Amino acid sequence: MIPQEQIKSFFDTVQAIRSEIAKEIIGQERVVEQLLTALIAGGNVLLEGVPGLGKTRLVRTLSSVFDLPFSRIQFTPDLMPADITGTNIIVKTEAGNEFRFRKGPLFASIVLADEINRATPKTQAALLEAMQEHTVTVMGVSRKMNEPFFVLATQNPIEQDGTYPLPEAQMARFMFKLLVHNPSLNELKGIVTMTQKTMGEVANEACNAAQLLEMRETANQIPVADEVLDFAMMLISATHPDSECASEAAKKYVRLGSSPRGGQALISAAKVKALMNGRFNVSYSDIASLAYPVLRHRMKMNFEAIAERISPDEVIGMILTE
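Rules used in this analysis
- Along each chain, the written sequence defines residue order, and numbers are assigned to residues from 1.
- Under the rules for a predicted model, residues below a pLDDT of 70 receive no local features and side-chain atom pairs below 80 are neither given nor counted, while totals for whole chains, interfaces and linings still include all residues.
- The basis for every side-chain value is the complete set of heavy atoms in the structure, and neither hydrogens nor water enter the calculation.
- For the purposes of this entry, the term helix denotes a DSSP run of H or I that reaches at least four residues, the term strand denotes a run of E that reaches at least two, and both are numbered from the N terminus.
- Summary of the burial criterion: residues with accessible area below 20% of their type's maximum are buried, those above 50% are exposed, and those between are partly exposed, where the area comes from a 1.4 Å probe applied to protein chains only.
- Counting of polar contacts relies on pairs of N or O atoms within 3.5 Å, with two restrictions inside protein: one atom must be capable of donating a hydrogen and the other of accepting it, and residues adjacent in sequence are counted only when both atoms are side-chain atoms.
- In this analysis, two residues are considered to be in contact whenever any of their non-hydrogen atoms come within 4.5 Å of each other.
- In this scheme, strands are said to pair when DSSP sees at least two bridges between them.
- With axes taken as lines fitted to C-alpha atoms, and helix axes fitted only over the stretch in contact, angles between N-to-C directions fall between 0 and 180 degrees.
- Joining through side-chain atoms within 4.5 Å is the link that ties buried Ala, Val, Leu, Ile, Met, Phe, Trp, Tyr and Cys residues into a set, and such a set is a nonpolar core.
- Definitions used throughout: a 1 Å grid over protein atoms alone; a cavity as a set of points that fits a 1.4 Å probe which cannot get out; a pocket as an open set with protein on both sides within 12 Å along at least five of seven lines; a lining residue as one with an atom within 4 Å of a point.
- Grid points are joined across faces, edges and corners, and a volume is the space filled by probe spheres set on the points.
- As a working rule, the residues Ala, Val, Leu, Ile, Met, Phe, Trp, Tyr, Cys and Pro are called nonpolar, Asp, Glu, Lys and Arg charged, and the rest polar, with Gly in that last group.
- By salt bridge we mean one thing: a side-chain nitrogen of Lys or Arg within 4 Å of a carboxyl oxygen of Asp or Glu.

Focus on the side chain of Arg296
In step 1: Looking at the element boundaries, Arg296 is found in the loop between α12 (284–295) and β11 (300–301).
In step 2: Using a relative accessible area of 12% as the deciding quantity, one classes Arg296 as buried.
In step 3: Reaching out from Arg296, the side chain makes a polar contact with the backbone oxygen of Lys177 at a distance of 2.5 Å.
In step 4: Within the structure, Arg296 has its side chain in polar contact with the side chain of Asp313 (distance 2.9 Å).
In step 5: Among residues more than four places away in sequence, those in contact with Arg296 are Lys177, Leu178, Leu179, Ala291, Pro312, Asp313 and Ile316.

See the structure below:
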């Protein structure tokens with residue numbers, strides 16, 4: 001049983017984080033909530049949306065609110081792996097020349113990989129080890145990243161010229177793929193009014209690294225009933241057109257379904273979501289609502305889905321209905 005004071009501390013910290021983020025970000029409540037869920041759960045996030053929607057500002061705000069070391073990497077076609085991981089340089093000392101490792105921008109707690117699909121696959125691959133193992137290997141030496149460590153990447157879905165689509169292995173290492181939509185009329189008015197007053201950051205620290213790791217540990221203790229776990233695993237299995245639980249939608253529109261990593265992400269995130277909503281156990285609604293950000297980038301659509309312009313979100317909705 002989780003101590004009551006631990007649960008209260010978790011809830012109070014989440015409320016403080018929400019109020020500080022609201023000082024900087026107008027609208028996008030669902031994106032903010034899901035991004036917060038992923039950060040507490042310890043997952044990486046891919047933000048997809050057209051330029052100018054505040055994706056970079058949102059990530060910068062998070063780094064201020066969590067008081068964590070932050071670095072931004074602008075991905076371009078000429079970016080090399082050593083530019084982000086770091087490299088060995090020759091340093092003159094009294095004893096003579098020696099190699100020393102100079103850390104790259106990847107050695108931060110929150111790493112913003114801006115327009116990640118503009119870099120070549122070789123540079124994109126340099127992120128893989130850091131995202132999964134939280135280590136970086138340079139010249140045969142592995143170096144641990146400081147905890148907590150997150151990669152928050154952005155990509156523009158409308159420009160295809162000069163871009164390199166992320167490989168499946170890398171897409172699967174993002175806990176969530178979040179779609180950032182255009183603001184409503186009132187939100188747009190609020191954004192323009194706020195940015196005319198100040199372009200500086202006004203959000204204050206609401207949580208430090210130690211508190212964040214403690215919150216993650218608290219969320220891990222949330223129980224999941226066998227029936228809810230079975231529902232989540234059936235949902236993952238239903239995305240495979242050739243599995244025993246295959247849904248009709250998957251058989252018709254999906255070429256490849258989610259890996260077990262999708263199931264791990266779904267349960268980890270659902271525990272955090274339950275606690276953020278003041279509940280001490282995971283519900284069916286937690287699983288259903290998180291199915292979209294967890295699965296939309298883990299399913300490979302077939303030709304029929306592309307021809308009929310059926311999106312992964314529509315397929316997930318069909319599977320949930322079934």
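Once you've had a look at it, read on.
A word on the sheet that holds strand β8 (residues 150–155)
In step 1: With respect to topology, five strands assemble into an open sheet ordered β2-β5-β8-β1-β9, the strand pairing being parallel. Taken across any chain shown, the strands that pair with only one partner, and hence form the sheet edges, are β2 (70–74) and β9 (174–179). Strand-to-strand twist of the sheet, defined as the mean angle between neighbouring strand axes without regard to direction, takes the value 15°.
In step 2: Two strands pair when backbone bridges link them, and strand β1 (residues 44–48) and β9 are joined in this way by five bridges, in the parallel orientation. The partner of Leu46 across the bridge, within β9, is Lys177.
In step 3: On the sheet, helix α2 (residues 29–41) packs against β1, β8 and β9 and is oriented at approximately 170° with respect to β9.

What about unusual backbone geometry?
In step 1: Here Glu147 and Pro148 are connected by a cis peptide whose omega angle stands at -5°.
In step 2: For Asp67, which is not glycine, the phi torsion reads 50° and is therefore positive.
In step 3: Exposure remark for Asp67: the relative accessible area of 46% places this residue in the partly exposed category.

As for the environment of Gly104
In step 1: Tracing the backbone shows Gly104 in the loop between β4 (96–103) and β5 (110–114).
In step 2: Residue classification places Gly104 among the buried residues on the basis of a relative accessible area of 12%.
In step 3: The spacing of Gly104 and Ile2 is 102 residues in sequence and 39 Å in space, taken between C-alpha atoms.
In step 4: Every residue in contact with Gly104, bar those within four places of it in the chain, is listed here: Ile84, Thr85 and Gly86.

What to know about the nonpolar core
In step 1: Core analysis: the biggest nonpolar cluster contains 69 residues, and Phe10, Ile40, Phe66, Leu152, Phe176, Ile287 and Val315 have the highest contact counts within it.
In step 2: If we ignore the near neighbours within four places in the chain, the residues touching Ile40 are Phe10, Val14, Leu212, Met215, Arg216, Val272 and Met276.

Looking at the layout of surface pockets
In step 1: Put simply, the largest pocket is a space of about 790 Å³.
In step 2: What lines the largest pocket is a set of 27 residues, among which Glu48, Met171, Lys177, Arg296 and Pro312 lie closest to the centre.
In step 3: Elements supplying a minimum of two residues to the lining of the largest pocket: α6 (168–171), β9, β11, α13 (303–307) and α14 (312–321).
In step 4: Size it by volume and the second largest pocket reaches roughly 430 Å³.
In step 5: Lining the second largest pocket are 22 residues; nearest its centre among them are Arg30, Val31, Gln34, Ser289 and Arg296.
In step 6: Only α2, β9, α11 (260–276) and α12 provide two or more residues apiece to the lining of the second largest pocket.
In step 7: Here the lining of the second largest pocket is composed, by residue class, of eight nonpolar, seven polar and seven charged.

Things to note about the pattern of salt bridges
In step 1: Under the counting rule described, the total for this entry stands at twelve salt bridges.
In step 2: When the shortest N-O distance is used, the salt bridge between Arg100 and Glu98 registers 2.9 Å.
In step 3: Residue Arg100 is classed as partly exposed on the basis of its relative accessible area, which comes to 42%.
In step 4: On the basis of relative accessible area, Glu98 is assigned to the partly exposed category, the value being 34%.

Side note on the environment of Met194
In step 1: Inspection of the secondary structure puts Met194 in helix α7 (residues 185–197).
In step 2: Separated by 94 residues in the primary sequence, Met194 and Arg100 have C-alpha atoms spaced 45 Å apart.
In step 3: Apart from residues lying up to four places away in sequence, Met194 is in contact with Lys23, Glu24, Ile26 and Arg57.

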